[in-house]
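Observations on chain architecture
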Amino acid sequence: MTEQTLTAADFIQFAKQTQAPLADLFEAVSSANNWQDRYRQLMQGAKLLPALPPELQTEAARVRGCESAAWLYHCQVEGKHLFIADSEARIVKGLIALLLHAVNNSDSQTLAQFEPKAYLKRLGLEGQLSPSRSNGLYALISRIIELSRE
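Please read all numbers here as calculations on a predicted model, not as lab measurements.

Rules of the game
- Residues numbered from 1 in each chain as written.
- Predicted model: local features only at pLDDT ≥ 70, side-chain atom pairs only at ≥ 80, totals over all residues.
- Heavy atoms only, no water.
- Helix = DSSP H or I, 4+ residues; strand = E, 2+ residues; numbered from the N terminus.
- Contact = heavy atoms within 4.5 Å.
- UniProt positions renumbered as here; feature names shortened; annotations may be inferred.
- Salt bridge = Lys/Arg side-chain N within 4 Å of Asp/Glu carboxyl O.
- Buried < 20%, exposed > 50% of the residue type's maximum accessible area, 1.4 Å probe, protein only.
- Polar contact = N/O pair within 3.5 Å; in protein donor to acceptor, adjacent residues only side chain to side chain.
- Core = buried A, V, L, I, M, F, W, Y, C linked by side-chain atoms within 4.5 Å.
- Arc of directions from axis to C-beta.

This part takes up the environment of A51. Positionally, A51 belongs in the loop between α2 (35–45) and β1 (70–77). A51 sits 94 residues away from I145 along the chain, and the two C-alpha atoms are 23 Å apart. When sequence neighbours within four positions are dropped, the list of residues in contact with A51 reads D86 and K93.

Structure below.
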């Protein structure tokens, strides 16, 4: 599989396959009683996203600003934005899973109005992430918004 073979159907299938599990992850993280439980849920959430094959882990798809390697792909189908992402770090991949829950199948206007700090607060993660993880997450969010404007 190459970047050229990642089709709209791949994005649609990914979104359908992950929609319910990512909603469950959101619920589990947001209802966790403490940081340790949230952290454990994030680590489990990383397993919900399939790994990108090595040939899709390209520099062109790499998210700049993430300390750990993270890759992001975008497709727009009928006015809705779909994303596929991966990271080499489990905690980052868990954060990506939560982020994809929030942004997949959104229109451009919704993505332009996305408030990452409010979302992190709803999850109970505000102030819980290290500066490097926060910076990486905000870099990913910025890239998602940027891609939705192209």
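There is more to say after this.
Turning to the UniProt feature "domain: Fe-S metabolism associated" (unreviewed entry) in the chain, a few remarks are in order. Under the feature "domain: Fe-S metabolism associated" (unreviewed entry), the UniProt entry names residues 28–145. Within residues 28–145, the helical portion is 48% and the strand portion 14%, while the C-alpha atoms at the span's ends are 26 Å from each other.

Here the idea is simple: oppositely charged side chains can pair when their charged atoms come close. With the rule as written, the count across this model stands at 5 salt bridges. A salt bridge links D37 to R40; its shortest N-O distance comes to 2.6 Å. Residue D37 and its partner R40 are located together in helix α2, separated by 3 residues, close to a single helical turn. When the shortest N-O distance is used, the salt bridge between E59 and R64 registers 3.6 Å. Here E59 falls in the partly exposed class, since its relative accessible area comes to 49%.

What follows deals with the side chain of S106. Looking at the secondary structure, you find S106 in the loop between α3 (90–103) and α4 (108–112). At 3.0 Å, the side chain of S106 and the backbone oxygen of V103 are in polar contact.

Looking now at the nonpolar core. L98 and L100 are the most contacted members of the largest nonpolar core, which has 51 residues in total. Every element with two or more residues in this core is listed here: α1 (8–31), α2, β1, β2 (80–87), α3, α5 (116–123) and α6 (131–149). It is α3 that provides the largest number of residues to this core, a total of 9 residues.

Within α5 the residues assigned to the buried category are P116, Y119, L120 and L123. The arc that holds every buried residue of α5, seen down its axis, measures 100°, which confines them to one face. Exposed side of α5, more than 90 degrees from the buried face: K117, K121 and R122 are the residues found there. Looking one or two residues past α5, G124 carries a phi angle of roughly 80°, positive in sign.

Looking at the element boundaries, S148 is found in helix α6. Setting aside residues no more than four positions away along its own chain, S148 makes contact with H74, H81, S108 and L111.

Turning to α2, its buried residues are R38, L42, M43 and G45. Considered in projection along α2, the buried side chains sweep an arc of 160° and stay on one side of the axis. The N-terminus of α2 is capped by N34, whose side-chain oxygen sits 3.1 Å from the backbone nitrogen of Q36.

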